[in-house]
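Here is how the chains run, residue by residue.
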Amino acid sequence: MATTAHPPGLETTTTTSTASRLPGFYRRSVDERRRLLGLSPADSAPFDVDGGLQVPVADQMIENVVGVLGLPLGVALNFIVDGEAVIVPMAVEEPSIVAACSHIARLAAAGGGFTTSADPPITVGQVQLLQVADLSRAQAAIDDARDELIASGNRLCPGLKERGGGVVDVRCRVLPRLPSDDLHGDLDDGGPMLVVHVVLECGDAMGANAVNSVVEGLSDRLAELARGVACLRILTNLADERCARASMRIPFAQLGGDDDDGAAVARGIVDAYRFAARDPWRACTHNKGIMNGVDALAIATGNDWRALEAGAHAYAARSGRYTSLTRFFVDEEQACLVGSITLPMAVGTVGGATRVHPTVQGARKLLGSFALSTTKLAGLMAAVGLAQNTGALKAMVSEGIQRGHMALHARQVALAAGATAAEVEAVASVLVASGSIRLGRAQEALATLRSTYE
Ligand code: MEV
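A quick note: this is a predicted structure, and the numbers were derived from the prediction, not measured.

**Student:** Help me out: how do you make sense of the overall build of the protein chain in this one?
**Tutor:** The helix and strand tally for the protein chain stands at 17 helices and 10 strands. Its C-alpha radius of gyration of 25 Å places the protein chain within 12% of the 22 Å reference for a compact globule of 454 residues. In terms of principal-axis extent, the alpha carbons of the protein chain reach across some 85 × 50 × 45 Å. Counting across all 454 residues of the protein chain, residues that qualify as buried make up 48%. Put simply, of all contacts in the protein chain between residues at least 6 apart along the chain, 74% involve residues at least 24 apart. Surface summary for the protein chain: the accessible area is close to 21,800 Å², and the carbon and sulfur share equals 54%. Between the averaged position of the 40 positive side-chain charges in the protein chain and that of its 49 negative side-chain charges there is a distance of 4 Å.

The structure is reproduced here in structure tokens:
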């Protein structure tokens, strides 16, 4: 289908990256980093407090606004996705996420980078029909009226239809009764239930508003056809017809460090994946690591990260057993670690906060063409999730997660103790050296530091 016209300011970007490898970037000041990314003062303005989301705009976005909440915005480097270099903006408060993602992207680049794909942008809305006396007759009536329902649905989303999208299918599902063990003491599970899925191609949007309008508009007719009563009319976040996939190969030589043998690290990562594949308790944390990356990019691009979270975890449980969203193995030549991921990825490049939030607009400029196509953005999201997960597993099977974490955690504790920007580094160093990253210790270190000023 045709894509939506590019939003103002994104047709030609001054900052589209031709290279994502910027050695020593982390050692630079914020201003130097902006210059290295090719950001002009005007490009960077939305990344400053007074250029980002302002209270009057926030007041138009949600109810009962009393302020705005900032999050650090970093960039993950080294990404090569389907042969293109891309700088990845990430909004997240947790230390190590941006570093881990950049690190794995650099190792994956040595194996050719990430290869991605994404399904067309399909959103599905559900209409729940109750009190349907004859489920077979109701299903047949809705199936017979499929063309009429698609045409009516398309009249409810005329803009989408004009851009080549719109309603493409209407399907019924009969929901079986719950097994008695799942009734949790309820004697009555409500009887037969028919659910109609309305399938919409939603172009560059995430599609929630469009599909919700369509199912609300079609529900009376569906109830009439089923001789029942419509109850819920809402999209499903289990976007399993809109998955994104990414894969990468990391040569063993890249995985080895000063003390680590690359082959052993690769096999450790495979064993760690096997743990998540078998065990839902581990899979939950494993998948949380994936979503650390996906959510950070979703927030930076103004996407609904709660929808992505819900979709990812429901997809991970689709077989009836919650499991890993990634997969790892060692290739036949015993030379590379191979990793892949598949997960629902209902992201948009128009609508929602994508056009309203000034910082999101700035972050989208960094993404260049990846901010202009939902399928490209979805593939990038999958690549970031895979990189994030690989980074966490690699750290856990080699030096452990805490070493990298501690330096930044110590900075946060120093800030919490009241250290100024000029004092943070000194206080954090004391905490790391003492091996005790605690608030009380930071307060003592700060007091000691300040006593030297007198
Ligand atoms: C922490 O935010 C994420 C990890 O727990 C992920 C994992 O255990 O795979 C490190």
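**Student:** It is not clear to me how empty space enclosed by the protein should be interpreted in this structure. Could you clarify?
**Tutor:** Left-over empty space is what a probe sized like a water molecule reveals as it rolls over the atoms. Considering all chains together, one arrives at 3 cavities of 30 Å³ or more under this definition. Looking at the largest cavity, its volume works out to about 140 Å³. If you list the elements that add at least two residues to the lining of the largest cavity, you get β4 (122-130) and α12 (305-316). Of the residues in the lining of the largest cavity, the class split is 10 nonpolar, 4 polar and 3 charged. Two domains each donate at least three residues to the lining of the largest cavity, and these are domain 1 (25-117 + 243-398) and domain 2 (122-235). For the second largest cavity, the calculated volume is near 50 Å³. Residue lining of the second largest cavity: A118, D119, P120, P121, R242, C243, M345, V347, T374, T375 and A378, and that is the complete set. Examining the composition of the lining of the second largest cavity, we find that 3 residues originate from one element, helix α14 (residues 374-397), more than from any other.

**Student:** Explanation requested: the sheet that holds strand β7 (residues 229-235) in the structure shown.
**Tutor:** Adjacent strands of a sheet form backbone hydrogen bonds with each other and so pair up, either parallel or antiparallel. Strand order across the open sheet formed by 4 strands is β5-β6-β4-β7, with antiparallel pairing between neighbours. Strands at the two margins of the open sheet, each flanked by one partner only, are β5 (166-175) and β7. The mean angle between the axes of side-by-side strands here comes to 20 degrees, regardless of whether they run parallel or antiparallel. Direction of pairing for β4 relative to strand β6 (residues 193-201): antiparallel, over a ladder of 8 bridges. Counterpart to L129 in the pairing with β6 is L194.

**Student:** Please clarify how the environment of A312 should be interpreted in this entry.
**Tutor:** Examined against the element boundaries, A312 turns out to sit in helix α12. A C-alpha to C-alpha distance of 8.9 Å links A312 and N237, two positions 75 residues apart in sequence. Apart from residues lying up to four places away in sequence, A312 is in contact with M291, L325, L343 and P344.

**Student:** Just to check I follow, could you spell out the layout of surface pockets for this structure?
**Tutor:** Each pocket or cavity is described by its volume, and for the second largest pocket that value is around 220 Å³. Taken together, 13 residues form the lining of the second largest pocket, with A91, V92, E93, D295 and I299 sitting closest to its centre. For the lining of the second largest pocket, the elements supplying multiple residues, two or more each, are α11 (280-300) and α12. Classifying every residue of the lining of the second largest pocket by side-chain character gives 8 nonpolar, 1 polar and 4 charged.

**Student:** Which parts of the structure should I look at to understand α12?
**Tutor:** Because each turn of an α-helix spans 3.6 residues, side chains separated by three or four positions end up pointing in the same direction. Helix length check: α12 (12 residues) gives 16 Å between terminal C-alpha atoms against 16 Å at 1.5 Å per residue, within 8%. If you check which residues of α12 are buried, you get A307, L308, G311, A312, Y315 and A316. Looking down the long axis of α12, one finds its buried residues gathered within 160 degrees of arc, a one-sided arrangement. Its buried side turned inward, α12 meets β8 (243-251), α11, β10 (336-344) and α14.

**Student:** Even after reading the chapter, I still don't get a nonpolar patch on the surface, so can you show me in this structure?
**Tutor:** Together, V57, M61, I62 and V356 make up an exposed nonpolar region whose accessible area comes to about 310 Å². Mapped onto the secondary structure, V356 falls in the loop between β10 and α13 (358-367).

**Student:** Is there a simple way to think about the site of the ligand in this case?
**Tutor:** For the ligand, the set of nearby residues contains 10 residues, the closest of which are E94, R282, K288, N292 and M396. One nitrogen or oxygen atom from the side chain of R282 is found 2.7 Å from an oxygen atom belonging to the ligand. At a separation of 2.9 Å, an oxygen atom of the ligand approaches a polar side-chain atom of N292. Protein contact buries 83% of the 300 Å² of open area that the ligand shows by itself. Counting only elements with at least two residues in the shell around the ligand, the list comes to α11 and α14. Counted by class, the shell around the ligand contains 3 nonpolar, 4 polar and 3 charged residues.

**Student:** What exactly am I supposed to notice about the nonpolar core here?
**Tutor:** One recurring pattern in soluble globular proteins: nonpolar side chains tend to sit buried together. In terms of nonpolar packing, the biggest core is built from 63 residues, with F79, F114, F328, L343, M345, L380 and M381 touching the most fellow members. With 10 residues, the top contributor of residues to this core is α14. With residues up to four places along the chain from it excluded, the contact list for M381 reads V294, L297, A298, T301, N303, L308, M345 and V347. Of all hydrophobic cores here, the second largest spans 34 residues; its members include V127, A138, L149 and A346.

What counts, and where the lines are drawn
Residues numbered from 1 in each chain as written. Predicted model: local features only at pLDDT ≥ 70, side-chain atom pairs only at ≥ 80, totals over all residues. Heavy atoms only, no water. Helix = DSSP H or I, 4+ residues; strand = E, 2+ residues; numbered from the N terminus. Rg over C-alpha atoms; globule rule 2.2 N^0.38 Å. Buried < 20%, exposed > 50% of the residue type's maximum accessible area, 1.4 Å probe, protein only. Contact = heavy atoms within 4.5 Å. Areas by Shrake-Rupley, 256 points an atom, 1.4 Å probe, with all protein chains shown as cover. Lys, Arg positive; Asp, Glu negative; His and termini not counted. Charge placed at Lys NZ, Arg CZ, Asp CG, Glu CD. 1 Å grid on protein atoms, 1.4 Å probe; cavity = no way out; pocket = protein on both sides within 12 Å on 5 of 7 lines; lining within 4 Å. Points joined across faces, edges and corners; volume = space filled by probe spheres on them. Nonpolar A, V, L, I, M, F, W, Y, C, P; charged D, E, K, R; others polar. Domains from an automatic or database assignment. Pairing = 2+ DSSP bridges. Axes fitted to C-alpha atoms, helices over the stretch in contact; angles between N-to-C directions. Expected span 1.5 Å × (residues − 1). Arc of directions from axis to C-beta. Patch = residues over 30% accessible without salt bridge, like charges linked within 9 Å, V, L, I, M, F, W, Y side chains within 5 Å. Salt bridge = Lys/Arg side-chain N within 4 Å of Asp/Glu carboxyl O. Near = heavy atom within 4 Å. Polar contact = N/O pair within 3.5 Å; in protein donor to acceptor, adjacent residues only side chain to side chain. Core = buried A, V, L, I, M, F, W, Y, C linked by side-chain atoms within 4.5 Å.

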